[in-house]
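# Structure assessment
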Amino acid sequence: MEELKSAIPKTLILSISQSNPHNLPNTCSSLHDFFNQLPQFHQMVEDLAHMETSLFLKTKKSALEFKLKGNNCFSNGDNSNALRFYTQALRAAPRDADDKGRSLVATLYVNRAAVLQKMGLLVECLHDCKRALAISRSYSKAWFRRGKANISMGNYDDAVCDLKVSLCTEQSLSGKRQIEGELKLILDHHNGKDFPPDVAKRNESDIHDQPQQIQLQCVSTEMKGRGMVSLTDVPQATLLHTEEPYAAVVSKHCRETHCHFCFNELPADIVPCHSCSLAMYCSQLCQIHAIGKHLQYTKNHELGVDLSSDLEKYVESVTKASVDGGLVEQIGEHKHECGVNWPAALPTEIVLAGRVIMKSIAQHRCFDKSSPIVNLELCHNYVQLSAEAKLELHISSIILLHCLHHRYSSDVPLNGETISQCALLLSQINVNSMAIVRMRSSDSISPLSSAGNHTTNTVEQVRVGQAIYLAGSLFNHSCQPNIHTYFLSRTLYIRTTDFVVAGHPLELSYGPQVGQWSCKERQSALKEQYAFVCSCTSCSQLNLSDLVINSFRCLDPNCSGVVLDSSVVNYEKQKVNPFRCGLPLQVDKLEHDEVKRVASLLCTETGSAHQIEPGFCLSCGAYRNLEASNAAIERAEICIRRWEDSLDSGKVPSNMLSNALRSLDVLKSTLHPYNKKVAEAEDYLAQAFCAIGELQRACHHCQSSIKVNLTMLYTDRTRQAIVRFCGFLLKILEKLYGKDNIVIGNELVKLASIQLSFGDPAVEQTINMINSIFSQHYGSHVSIMFPHLKFLKRSL
């Protein structure tokens, strides 16, 4: 890519930098004509788009090599690596490859089933047996393995049938004797009775949470363009909207860990793509959705022996396709990418654009129409882009369309108009695509009797995919949102987190929020990512979080005012006198009282812009030496980091703990009590104390961290949020339903894990608070989004 850039004439680069949507076809055509003259461009396209150069072709040789490694590991009792090598072999094995007269894929499924059974993963073992039998019904070993798994699960009727079919299809005498022995044991001890196994799993489809009948309307505003509002009042925690993506793609860093269709975490019995070694799925259903059709195996599919009518029906029920191909959408989003390099080499948003284009082509083809690049009718930011970004869009569009043209030729014309449409599509994706996230937690909590080496349970969001939601993209952004998005599989769910009055904008967060990032950080991130300057209420009016998140405390111990440094002053100067337009909708007066308390000099009607100077308290005007204060903070942070390094090395000097605590005191005496660094230090010390077995002290610091976060995140959002700490007992006495920030729930998870570790009876109330907060954001889906809550409850 850089080689191509360096070859472009400066005059053409200048023309591209000055381009706009009207003359974009001309600049795209000019760059395309120039690239067509470059041998290195055509070599790049060849490497990206030709199957002959693909790194993801399946080969029998590679599959057999992985199989041999898996066999050796299994023989040595190394089940974990055996599982890994058999899965690698399945990814590499061609669908029609034979191994010693039998389908190689079927053999690998049975081998992996044996490992899964050894590991106690019985449901996954059954899945692999079924997959092997769908390829070869006469595979005696697959029937036998299935029977053994059903015995372990208590499915004795099925086990008897499995073993009877295995007996009929087994060729060797020793094999028949082994099967007869297993059958005799079942019939003698269980009389053929079936005992339902206790292995039921709760599927996402079992959770019913349908959007309420709220009438939404798309409106246009001068500041933000199109946006969504409700025509009626909307209660908190209302499920407003659900939507499947127009197109979606797995994140590159999650290709080996998450399903490439539904984006759920991959199970032990991964299902690879039929035709390439890149894509992996959690089930056959996801595999079929991604490919767009059901691929039937035909070789060795006849049983070849006579069975009773009952056994014939049983064989048919086990080996028939578990997915009705007619019910699967036939627009396979992976089909055009299968077996080539460009989906792995190009950035995720370009791969997503390819999926949008191919879906549009397929849809147009269904109606016998021409197949132009789709117009998603979403906003774009092309005009605001930098010269470098415009050049990137030109180059990316040309390369992507050449890769698609290689497979679909006339459906993807290569001209200036089509390339310009692709560039605008990429600009739309940059602005409107959503990150599909999963909640990940560490559920490792040491036994209560342990003296040390405890860990806290932490929760984090993982960006597992990127998608375009046509209706979901119409909801505008705010740094203080009133709606919350989450995902089950690929489905987008939007739920209100506040009571929203009729006609008020429904706005979600693009990532940075009040209380988590400062105004400066939010503005910079949004401008870089989406090329706009945020003008939401939280960025245009004073709010407590922006004042305190990076501030110093006043030198007067009786003053609660804040002292700002120069990096914050310029942003806050733009918000001076925030109340002249009246209170905004849904903002509690208590918030403004708190703002006045810490920055009273800014809230007078006389105008006081001269008072906003670095180092001066915004409440009483007292001066703090910021240079000396920053030096003290830096020394304190170095000391805390040294203790962190000593904990990692396992060698903690006796004086290191007392030094860390003194450093925390320095931070508290220098920074405002609600400064984010104080919360982070308290949180770190809580986990550090937990790691060395000082659990009660850990709990104290965890509570302190939560208290700081609560103040930052609640005081400018919540009408009634009263927090009371009594010893190690944390109680939230009153909170408005749906007003609890999800960050607080995540912090409470840490506290609960520490309380569990030393048997604090208050843990039950903490867990109830966690469940309440999460439920208000995720409704009845909370148990799916946060499975670690079950773990915490079971630990009580």
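Criteria and thresholds
- Residues numbered from 1 in each chain as written.
- Predicted model: local features only at pLDDT ≥ 70, side-chain atom pairs only at ≥ 80, totals over all residues.
- Heavy atoms only, no water.
- Helix = DSSP H or I, 4+ residues; strand = E, 2+ residues; numbered from the N terminus.
- Buried < 20%, exposed > 50% of the residue type's maximum accessible area, 1.4 Å probe, protein only.
- Contact = heavy atoms within 4.5 Å.
- Areas by Shrake-Rupley, 256 points an atom, 1.4 Å probe, with all protein chains shown as cover.
- Disulfide = S-S within 2.5 Å.
- Expected span 1.5 Å × (residues − 1).
- Phe/Tyr/Trp six-rings, centres within 6.5 Å; stacked < 30°, edge-to-face > 60°.
- Lys NZ or Arg CZ within 6 Å of the ring centre and 35° of its normal.
- Pairing = 2+ DSSP bridges.
- Axes fitted to C-alpha atoms, helices over the stretch in contact; angles between N-to-C directions.
- Left-handed = near helix turned anticlockwise from the far one by under 90°.
- Nonpolar A, V, L, I, M, F, W, Y, C, P; charged D, E, K, R; others polar.
- pLDDT = per-residue confidence, 0-100.
- Core = buried A, V, L, I, M, F, W, Y, C linked by side-chain atoms within 4.5 Å.

### What to know about the overall build of the chain
Secondary structure assignment for the chain yields 30 helices and 18 strands. Within the chain, the proportion of its 796 residues that are buried is 53%. Long-range pairs, those at least 24 residues apart, make up 71% of the contacts in the chain between residues at least 6 apart in sequence. Per element, the accessible surface of the chain, about 35400 Å² overall, is 51% carbon and sulfur.

### A few points about the state of the cysteines
Summed over all chains, the structure comprises 0 disulfides. Just so you know, Cys 262 is unpaired, no disulfide at all, and the nearest cysteine sulfur is the one on Cys 282, 3.5 Å from it. Taking the relative accessible area as the measure of exposure, Cys 262 reaches 3% and is therefore buried. Cysteine Cys 554 is unpaired, with the sulfur of Cys 620 as its nearest cysteine sulfur at 3.5 Å. A relative accessible area of 4% means that Cys 554 is categorised as buried.

### Details of helix H6 (residues 79-92)
For H6, which comprises 14 residues, the first-to-last C-alpha distance of 20 Å matches the rise-based estimate of 20 Å (1.5 Å per residue) to within 8%. Residues of H6 that are buried: Asn 79, Ala 82, Leu 83, Phe 85, Tyr 86, Thr 87, Ala 89, Leu 90, Arg 91 and Ala 92. Buried-residue contacts for H6 involve helix H5 (60-75), helix H7 (104-118), strand S7 (271-272) and strand S8 (280-281).

### Let's talk about the packing of aromatic side chains
Inspection of every chain in the model, using the stated rule, returns 6 aromatic pairs. Ring geometry for Phe 34 and Phe 35: centres 6.1 Å apart, planes at 45°, overall tilted. Residue classification places Phe 34 among the buried residues on the basis of a relative accessible area of 16%. Residues Phe 616 and Tyr 623 carry aromatic rings whose centres are separated by 5.1 Å and whose planes lie at 55° to one another, so their mutual orientation is tilted. For Phe 616, a relative accessible area of 34% puts it in the partly exposed group. Linked through ring pairs, Phe 34, Phe 35 and Phe 41 together constitute an aromatic cluster. The ring of Phe 261 has Arg 490 sitting right over it, with the charged end atom 4.0 Å from the ring centre.

### Some points on the sheet that holds strand S5 (residues 239-243)
Spatially, S5-S13-S12 is the arrangement adopted by the 3 strands of the open sheet, whose pairing is antiparallel. Each edge of the open sheet is held by one strand with a lone partner, namely S5 and strand S12 (483-488). In this sheet, adjacent strand axes meet at a mean angle of 20° when their direction is disregarded. Where S5 and strand S13 (residues 491-496) come together, 4 bridges link them in antiparallel fashion. Within S13, the position partnered with Glu 243 by the bridge is Leu 492.

### A closer look at the environment of Leu 352
Relative to the assigned elements, Leu 352 resides in helix H15 (residues 348-366). With 105 residues separating them along the chain, Leu 352 and Ala 247 place their C-alpha atoms 6.8 Å apart.

### Here's the deal with the packing of helix H3 (residues 24-36) against helix H16 (residues 387-408)
Contact geometry for H3 and H16: axes closest at 10 Å, N-to-C directions at 65°. Of the two possible hands of crossing, H3 and H16 adopt the one that is right-handed. Residue-level contacts link Leu 24, Thr 27, Cys 28, Leu 31, His 32, Phe 35 and Asn 36 of H3 to His 394, Ile 395, Ile 398 and His 402 of H16. Its residues assigned to classes, the contact of H3 with H16 comprises 6 nonpolar, 5 polar and no charged.

### Let's talk about the pairing of strand S4 (residues 225-230)
Strand direction decides the pairing type here: strand S3 (residues 216-221) and S4, joined by 6 bridges, are antiparallel. Paired with Leu 216 across the two strands is Ser 230, which belongs to S4.

### Digging into the confidence of the model for the chain
Counting all residues, the mean pLDDT for the chain is 80, and 77% of those residues have values of 70 or more. Overall, residues 443-456 carries pLDDT values under 50, and its contacts beyond four positions in sequence, including any with other chains, amount to 37 contacts. Long-range and interchain partners of residues 709-739, a stretch whose pLDDT sits below 50, account for 98 contacts in this model, where long-range means more than four residues apart.

### Let's talk about the environment of Asp 565
Within the secondary structure, Asp 565 sits in the loop between strand S16 (562-563) and helix H21 (566-573). By relative accessible area, Asp 565 is classed as buried at 19%. A sequence separation of 15 residues divides Asp 565 from Asn 550, and the C-alpha atoms of the two residues are 8.4 Å apart. Asp 565 has contacts with Phe 552, Pro 614 and Leu 626, leaving out every residue within four places of it along the chain.

### Some words on the nonpolar core
Judged by nonpolar contacts, the single largest core of 77 residues is most densely connected at Phe 35, Trp 342, Ile 357 and Ile 399. No other element matches the 10 residues that H16 contributes to this core. For Ile 399, the residues in contact, after removing those within four places along its chain, are Met 1, Leu 4, Phe 41, Met 44, Leu 48 and Leu 346.

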